Amino acid sequence: MSLDYQFPENFWWGSAASATQTEGGENGTKGKNIWDKWYESEPNRFFENIGPEVTSDFYNRFKEDIANMKKIHHNSFRLSISWARLIPGGRGDVNPEAVDFYSKVFDELIRNDIEPFVTLYHFDMPLELQEIGGWENREVTEAYADYAEKAFELFGDRVKKWFTFNEPVVPVEGGYLYDFHYPNIVDAKKAIQVGYNTMVAHAKAVKLYHENYDGKIGIVLNLTPSYPRSQNPADLKASHICDLFFNRSFLDPAVKGEYPQDLIDLLAEYNQLPATKPEDKALLKENLVDLLGVNYYQPRRVKARDSQPNPDSPFMPDWFFDNYEMPGRKMNPYRGWEIYEKGIYDIMINLKENYGNIESFISENGMGVQNEERFLVDGRIEDDYRIDFIKDHLKWLHKSIQEGCNVKGYHLWTFMDNWSWMNAYKNRYGFYSVDLKTQQRTAKKSASWFAEASEKNGFND
């Protein structure tokens, strides 16, 4: 029987999570990272004052979690290694306890026919490295390359899909522009340096991997199409500049090995260019990704600014556009995000037409909802809204594949409810709910829908 939406053979069905959000910062031996530090100093900035000490306790419960993944027919799962756990302090000796933990996790996944996709850096700078400037400091790119090399050496025999960074624009926005990540600095010049050094670190890791290993290495970017309010040239220019700052600043160097010239020109005009080294150009150009993870949650809609920026305000990307709230848009009211399923298709068509149709997959897509216990029926959360969300995005993804886009898979954010940075457990995203008091996992309705879709490699309308 043929399905309405049949996906290509060996399509990756799975989900994604990260170390800091699931392992529990107080489990096992681990150095401190910036989240441990920020929570200690300002717990009030975290929803209901919940910090990263225990989170979903994956450190102690990974066998149960992986068994649950198997139950809902995952064939792949993306997780991250905690740099501060593998190398406490960020430099120096490897922590044998961490090697043992990650080895067991990867082995358990493989034993259950679930391929591990591994991210090296997911927002979690070791504290000691942040204290010397974090990504502002070029030295940290060397420390990162050493860390990547150790991870490849230790786990490269079993892990064949690596990702250097998850959403590298987010620490730039959060830590250096808009104050929602530590170190809470507002300084565009530093932000741009952080973004640039991150891509230098990325290229160093790609180079090491390609020279010594035979799997694939990529990067995970949150691509957010910038839609102009209208076709008016002023609105088009606003959306173009927005796209340069938030998408192409990482997409172009990762996939093409160079920065867009108009971004360089714009930064030069406002005296915001980063410090670079002569050898960087070749480093970026020669070390392109094999695979691109795409995180997609919401579109960005922009228009030409209504007023001139305050000349005394700090330089910001927002000098060049205003956000635009399109009338009649569909919303996720809990997260305040627009739901626009076609965005996933537009991203893939862009990758096909402008980025050599690079091999890619949806590495995150998901819907966070508050107080999901409202939807409990006979002990199960009936999250039909999540099923609709996934299905409607998959339909557009399917259309892009039919039109020749090189899309290999779909991973939901996330497998089980996890700790979401400043939002802690405010919005729940998982296939499995987690009771914070008992840590008990319970499958939601979406888990059984996904189990069937992944087993059949598709679904009916």
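Our structure is the block above this text.
The text that follows walks through the structure, step by step, so that each part is easy to find. (Residues numbered from 1 in each chain as written. Predicted model: local features only at pLDDT ≥ 70, side-chain atom pairs only at ≥ 80, totals over all residues. Heavy atoms only, no water.)

With that settled, consider the environment of Phe450. Tracing the chain through its elements places Phe450 in helix α15 (residues 445-456). On the accessibility criterion, Phe450 (0% relative accessible area) is buried. Each C-alpha atom, one on Phe450 and one on Phe180, is 33 Å from the other, the two residues being 270 residues apart in sequence. Apart from residues no more than four positions distant in its own chain, Phe450 is found in contact with Trp13, Gly14, Ile72, His74, Tyr410 and Phe431. (Helix = DSSP H or I, 4+ residues; strand = E, 2+ residues; numbered from the N terminus. Buried < 20%, exposed > 50% of the residue type's maximum accessible area, 1.4 Å probe, protein only. Contact = heavy atoms within 4.5 Å.)

Quick look at helix α3 (residues 58-71) now. For α3, spanning 14 residues, the distance from its first C-alpha to its last is only 17 Å, which falls clearly below the expected 20 Å at 1.5 Å a residue. Bending of α3 peaks at approximately 35° at the position of Glu64. Looking at α3, one finds that the buried residues are Phe58, Tyr59, Phe62, Asp65, Ile66, Asn68 and Met69. A positive backbone phi angle near 60° is found at His73, which sits one or two residues after α3. (Expected span 1.5 Å × (residues − 1). Bend = angle between axes of the 7 residues up to and from the residue.)

What follows deals with the nonpolar core. Of all hydrophobic cores here, the largest spans 130 residues; its most connected members are Ile81, Trp83, Trp135, Tyr144 and Trp162. Broken down by element, this core gets its largest block of residues, 13 residues, from helix α9 (residues 188-212). Contact partners of Tyr144, with chain neighbours within four places excluded, come to Trp83, Leu120, Tyr121, Trp135, Thr164, Phe165, Ala201, His202 and Ala205. (Core = buried A, V, L, I, M, F, W, Y, C linked by side-chain atoms within 4.5 Å.)

Buried residues dominate strand β3 (residues 76-80), accounting for five of its five residues. Burial along β3 is two-sided: the face carrying Ser76, Arg78 and Ser80 and the face carrying Phe77 and Leu79 are both buried. As defined by bridge partners, strand β2 (residues 12-16) adjoins β3 across three bridges and the pair is classed as parallel. When the bridges of β3 are listed, Ser15 appears paired with Phe77. Pairing of β3 with strand β4 (residues 115-119), which is carried by five bridges, proceeds in the parallel orientation. The residue of β4 that forms the bridge with Ser80 is Thr119. (Pairing = 2+ DSSP bridges.)

Treat this as a map of the structure, not an account of what it does.
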